Amino acid sequence: MGRAVLTEKIGIPGIRGFDVYRSNGGYRNAEKALKEMTPADVGKEVTKSGLRGRGGAGFPTGLKWSFLDRKSDKPKYLICNADESEPGTFKDRYLMEHLPHLLIEGIIISSYALGVKSCYIYVRGEFKYIIAILQKAIGEAYQNKMLGQNILGTNFSLDIFLHPGGGAYICGEETALLESLEGKRGNPRIKPPFPAFRGLYNCPTMVNNVETLAAVAPIIGMGGNTYASIGIGKSTGTKLMSACGNINKPGVYEIDLGLPVEDFLYSEEYCGGIKNGKYLKAVVPGGSSVPVLPADLIVHTQKGDKRLLSYESLAEGGFETGSMLGSGGFIVYDEDACMVRNTWNFTRFYRHESCGQCSPCREGTAWMEPILRRIEEGKGKKKEIDLLVSIADKIEGNTICPFGDAAAWPVSSAIRHFRKEFEFHVEHPDIVKNINHGSLIRYI
Amino acid sequence: MIKVTIDNITIEVAEGTTILEATRKIGGKIVPPAMCWYSKLKGSGGKCRTCLVRVAESSAKDPRPMPKLVASCSTPVQDGMVVQNTTSQEVLDARKAIVEFLLINHPLDCPVCDQAGECDLQDLSFEHGVVETRSEEDRREFPVIDIGDSIKLHMNRCILCYRCVFTADQLTDKRVHGVLYRGDAAEISTYIQNVIDNDFSGNVIDVCPVGALTDRTFRFRSRVWFLEPMDAHRECRKCSGKVTAWMFGNEIYRITGRKDQYGELEEFICNECRFEKKDRNDWVIEGPRKIKRQSVISANHYEKLIKPSVIQPIEGKMGKKEEKT
Ligand SMILES: Cc1cc2nc3c(=O)[nH]c(=O)nc-3n(C[C@H](O)[C@H](O)[C@H](O)COP(=O)(O)O)c2cc1C
Ligand code: SF4
Ligand code: SF4
Ligand code: SF4
Ligand code: FES
């Protein structure tokens, strides 16, 4: 049974409102941090907790915080990255929808630790109703002196500004986000310099994901060591997984990191098994940007160990036979799913969302997409399958930001594990034109 | 001063120097091609990826290699850094791939392009390109646009190096010239009036590495390799008045800024010098300008160049790109 560290209070009627949240123990962790701890103490607890960035890269949060240029005499900023736009990932939305005050509490504590007086929440523009929820919650927090001057009677002051994005996935990349926030075109910046030294308006800036910041509140409550005792190895604590696709119970689940994938997939508590009693074909475990894995490799690693939902276990086997935890967008495909169509669909997304700044990504995504569409429609050629691998290979590692890799991996991994299916498309144009051929190829 | 070794040649450079700048100090074959970085344009670089190199040892303190190839134009050197450019097959392969990427949507209408003969993309594909394209897709097409009276934009030929954007940003404090849309739909555009209202706007033509921004007062008047570049100057209130006059006999066909061996302008010149002073008597002609870059103008390689690498017209596509205007 998974613990509810983040989602503990979800389900309490009216928990979105300040009063209910407060009377159910809300903001007690902020109170503890501001009144009983120094900023350095808070940082230490976060480091001890082993918390890793939940935005996708999994970088240790405590270490990342230590990079912030505190000596600078410029203002320092905290950015909450709420641009969640990765296909398959919808956990931040869930958190903000149900527990907006938990996020605010996490931001207060984190800002205190970082010496920040202004925080921006950069929220995905399409999340209209989330924006309304957050705005209301921020307003309530100001009314109740939880934001603004002298929070809880201490000399700590903090302002939170809500900034809706304009609908570009790339603005979730932290430096594109900063450009966008400055009112410019959302092109990722060339690093170095890193935001911790020169970020928003050239000032030291920390960018963290919604879930990362929210997790700071319970970490202060229970102590870093207790949080670190949850999970496995360097994957400590709990993680929100957004599960979707051909499963009986799609939704957002909080899991202890280290939960076996098989349990997550088949237990009633989580995904509840594959829909309509079908077989499992493949899983994209961490949002559209991570490599897809076929059924056998997602349940067990190549070595035969149980595959666990942790940063290390999912990456076991490298790109040959592994994948990544990414942002926790768990997409499940049953035996009927067409991997060619899925790959085309992902690539269509990446073509549309590339900022177009660097040549491999701009040209490469726009080159792969029509090839994949043709193969999907039964008009492809066999040599184009290898061409796709080659293009993906040339994008990977040669771009300004990790978007290029994210666009390349779905293609190269799909062909690596499901080449037969791509070949089937090429060889049987008449069949794939008329029916979803996914069911015609059995892997099991 | 710090030490850096590039393709087995060690050199001392000042701290903060980029790898690319260090290679240019050494000079010759080991200098990576740079299609977007421009020493005079703050913020430029990092985009085209033609200058990728391998850092085999990050520094004396930390001799580990860097995990990925890096853009030499935007990576500062560290003391004891060891860099591979032409000595790394990985780099050469990546560069070839980048050239391919830059060409798959390129119209390759060199025969009707004003840049032919002085085009960085031609040079680049000559040196690093592959003979055949693997792309069978339709090329992107955009309409040809006028940016004011004197500048023409062929978006089809643009490689989105952003040099013109940085130039415009440097000249004006309003964002009058920039990029619209994203991904492969991205295009250069000007804000509302379709003109960069500045006396130096013509310099976007000279910074453009390809034939995307061209001089309307010169269009189709001649091929550059028929012209003789001459250093010339005049008294000018706005700029230094030092230019290159492109002449045929006694006639001035075109005025550009003076470019160095890497195709970079020595100085920006004003629009009056560039567009309005086409009379021989406007100028004091100093003498022939040496075009030092490996450019086809001086090498007189044009025929050889275009055949194998650049001009690979897809059947039925040739000539179609040049609109009436
Ligand atoms: C193309 C792209 C899109 C991204 N989108 C998001 C996003 O929507 N939300 C997010 O938190 N991080 C996103 N990231 C990761 C951020 O760049 C950054 O690593 C993260 O916000 C850091 O927060 P963390 O350390 O708390 O994970 C994205 C990265 C890339 C390359
Ligand atoms: S990799 Fe793609 S998204 Fe990232 S900077 Fe380059 S073009 Fe833009
Ligand atoms: S390569 Fe392109 S820009 Fe260069 S001369 Fe040819 S058509 Fe013009
Ligand atoms: S128009 Fe020329 S200078 Fe401007 S981005 Fe395109 S290629 Fe670069
Ligand atoms: S010159 Fe370095 S990336 Fe373009």
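That block above? That's the structure.
Residues numbered from 1 in each chain as written. Chains lettered and ligands numbered in written order. Predicted model: local features only at pLDDT ≥ 70, side-chain atom pairs only at ≥ 80, totals over all residues. Heavy atoms only, no water.

**Student:** Explain the site of ligand 2 residue by residue, including any values.
**Tutor:** Surrounding ligand 2, one finds 13 residues, the nearest of these being Cys355(A), Gln357(A), Cys358(A), Cys361(A) and Cys401(A). Across the shell around ligand 2, the residue classes tally to eight nonpolar, five polar and no charged. (Near = heavy atom within 4 Å. Nonpolar A, V, L, I, M, F, W, Y, C, P; charged D, E, K, R; others polar.)

**Student:** Account for unusual backbone geometry, naming residues and giving values.
**Tutor:** A negative phi angle characterises most non-glycine residues, just as the trans form characterises most peptide bonds. The omega torsion across Lys191(A) and Pro192(A) is -5°, close enough to zero to call that bond cis. Within the fold, Pro192(A) resides in the loop between helix 8 (174-181) and strand 4 (205-209). Going from Pro192(A) to Pro193(A), the amide bond is cis rather than trans, its omega being 5°. By the element assignment, Pro193(A) lies in the loop between helix 8 and strand 4. One non-glycine residue, Leu160(B), lies in positive phi territory at about 50°. You can see Leu160(B) is positioned in the loop between strand 7 (151-154) and helix 4 (163-171). The backbone of Tyr162(B) shows a phi angle near 70°, a positive value even though the residue is not glycine. Assignment of secondary structure puts Tyr162(B) in the loop between strand 7 and helix 4. (Helix = DSSP H or I, 4+ residues; strand = E, 2+ residues; numbered from the N terminus.)

**Student:** If you had to explain the site of ligand 1 to someone new, which residues and values would you point to?
**Tutor:** All names here are of chain A. With respect to spatial proximity, 19 residues lie near ligand 1, and among them Gly55, Lys64, Asn81, Asn209 and Thr212 are the closest. Within the contact set of ligand 1, an oxygen atom lies 3.1 Å away from a side-chain nitrogen or oxygen of Asn208. Relative to its unbound accessible surface of 610 Å², ligand 1 loses 89% to contact with the protein. In terms of residues, the shell around ligand 1 owes the most to one element, strand 4, which gives three residues. Here the shell around ligand 1 is built from residues that sort into five nonpolar, eight polar and six charged. (Polar contact = N/O pair within 3.5 Å; in protein donor to acceptor, adjacent residues only side chain to side chain. Areas by Shrake-Rupley, 256 points an atom, 1.4 Å probe, with all protein chains shown as cover.)

**Student:** Please provide a residue-by-residue account of the layout of surface pockets, values included.
**Tutor:** Gaps left between atoms show up when a probe the size of a water molecule is rolled over them. Empty space within the second largest pocket amounts to approximately 1800 Å³. Lining the second largest pocket we find 45 residues, and of these Glu179(A), Lys184(A), Lys42(B), Gly43(B) and Phe166(B) sit closest to its centre. Elements with a contribution of two residues or more to the lining of the second largest pocket: helix 4, strand 8 (177-180) and strand 9 (187-190) of chain B. Residue composition of the lining of the second largest pocket, grouped by class: 18 nonpolar, 17 polar and 10 charged. (1 Å grid on protein atoms, 1.4 Å probe; cavity = no way out; pocket = protein on both sides within 12 Å on 5 of 7 lines; lining within 4 Å. Points joined across faces, edges and corners; volume = space filled by probe spheres on them.)

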